[in-house]
Amino acid sequence: MMTRIVLYGFMGVGKSVVGKILAEKLRFDFVDTDKEIEKKAGIPIHLLFERFGEAEFRTLERNIVEITSSKDRVVITCGGGTILDPVNVQRLKRGSLMVLLTAEPEIILERVNKDQSIRPLLSASDRLNRIKSLMSSRLDKYLEPANLIIDTSNITPEDAARKIFEKILGGKPWTS
Ligand code: S3P
């Protein structure tokens, strides 16, 4: 049985919500790379971008991936850009189930507009177009390491978590 599950994909696909549910069901630890970065830096990600730039954020991200990717019995959720770095991919995919979550750009827009957290990479005047172009530029890199792909556009986070759970545990019942 896989004991390390990595959830990744674009902003707003539901990684953190799905990851928390899944970790609870599996009785695994839950680690969110963005949260770990914020803990280490002592400031929210958008301030990290603002004060030190994206490159500094990516360096911290890489360090956090190095630490968390060796853990066991863990669900790891990554930021939307984590998997664009080949070193991160190499570290994360070793012995892990790599789950790509996707969603339609319009759905993503709806979700990120509702969400409180400030996303520096989406601070454009035409957010939908920004989402579409960023997403298509990342598509190949997202698809490459995926063992499982789940479109979360029209399903609940619980349903998405259940699909992953079933993939890992086969027949074992999921109790809501
Ligand atoms: C980023 C996604 C964000 C966060 C940072 C950069 C990206 O995480 O890591 O703002 O490059 O797509 P979420 O995907 O959790 O929003």
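Our structure is the block above this text.
Below, the structure is looked at part by part. Computed from a predicted structure; not experimentally measured.

1. Quick look at the site of the ligand
Then comes step 1: Around the ligand, a shell composed of 13 residues is seen, among which Lys15, Asp34, Arg58, Arg119 and Arg138 lie nearest.
Then comes step 2: Between the ligand and the protein, one listed contact pairs an oxygen atom with a side-chain N or O atom of Asp34 at 2.8 Å.
Then comes step 3: Between Gly80 and the ligand, the recorded distance is 2.9 Å, taken from a backbone N or O atom to an oxygen atom.
Then comes step 4: Coverage of the ligand by the protein amounts to 93% of the 390 Å² it exposes when considered alone.
Then comes step 5: Of the residues contributing to the shell around the ligand, the split by class is five nonpolar, three polar and five charged.

2. Looking at the pairing of strand 4 (residues 97-102)
Then comes step 1: With five of its six residues buried, strand 4 lies for the most part within the structure.
Then comes step 2: As judged from the five bridges shared by strand 1 (residues 4-9) and strand 4, these two strands associate in the parallel manner. The partner of Leu7 across the bridge, within strand 4, is Val99.

3. Focus on the environment of Leu148
Then comes step 1: Assignment of secondary structure puts Leu148 in strand 5 (residues 148-151).
Then comes step 2: A residue is classified by how much of its surface remains accessible, and Leu148, at 16% relative accessible area, is buried.
Then comes step 3: The sequence separation of Leu148 and Gly42 amounts to 106 residues, and the corresponding C-alpha distance is 34 Å.
Then comes step 4: Those residues in contact with Leu148, other than ones at most four positions away along the chain, are Met98, Val99, Leu100, Ile164 and Lys167.

4. Observations concerning the sheet that holds strand 5
Then comes step 1: Strand order across the open sheet formed by five strands is 2-3-1-4-5, with parallel pairing between neighbours. The open sheet has two edge strands with one neighbour each: strand 2 (29-32) and strand 5. Averaged over all adjacent pairs, the angle separating strand axes in this sheet is 20°, with direction ignored.
Then comes step 2: Note that strand 2 and strand 3 (residues 74-77) share four bridges and pair parallel. Across the sheet, Asp32 pairs through a bridge with Thr77, a residue of strand 3.

5. Looking at the packing of helix 1 (residues 15-26) against helix 8 (residues 157-169)
Then comes step 1: Look at helix 1 against helix 8: their axes get within 8 Å of each other, and the N-to-C directions meet at 45°. It follows from the interaxial angle that helix 1 and helix 8 lie oblique. As helix 1 runs across helix 8, the sense of the crossing is right-handed. Counted together, Val17, Val18, Ile21, Leu22, Lys25 and Leu26 of helix 1 and Pro157, Glu158, Ala160, Ala161, Ile164, Phe165, Ile168 and Leu169 of helix 8 form the full contact between these two elements.
Then comes step 2: Of the residues belonging to the contact of helix 1 with helix 8, the class tally is twelve nonpolar, no polar and two charged.

About the cut-offs
- Residues numbered from 1 in each chain as written.
- Predicted model: local features only at pLDDT ≥ 70, side-chain atom pairs only at ≥ 80, totals over all residues.
- Heavy atoms only, no water.
- Near = heavy atom within 4 Å.
- Polar contact = N/O pair within 3.5 Å; in protein donor to acceptor, adjacent residues only side chain to side chain.
- Areas by Shrake-Rupley, 256 points an atom, 1.4 Å probe, with all protein chains shown as cover.
- Nonpolar A, V, L, I, M, F, W, Y, C, P; charged D, E, K, R; others polar.
- Buried < 20%, exposed > 50% of the residue type's maximum accessible area, 1.4 Å probe, protein only.
- Helix = DSSP H or I, 4+ residues; strand = E, 2+ residues; numbered from the N terminus.
- Pairing = 2+ DSSP bridges.
- Contact = heavy atoms within 4.5 Å.
- Axes fitted to C-alpha atoms, helices over the stretch in contact; angles between N-to-C directions.
- Parallel < 35°, antiparallel > 145°, perpendicular 65-115°, else oblique.
- Left-handed = near helix turned anticlockwise from the far one by under 90°.

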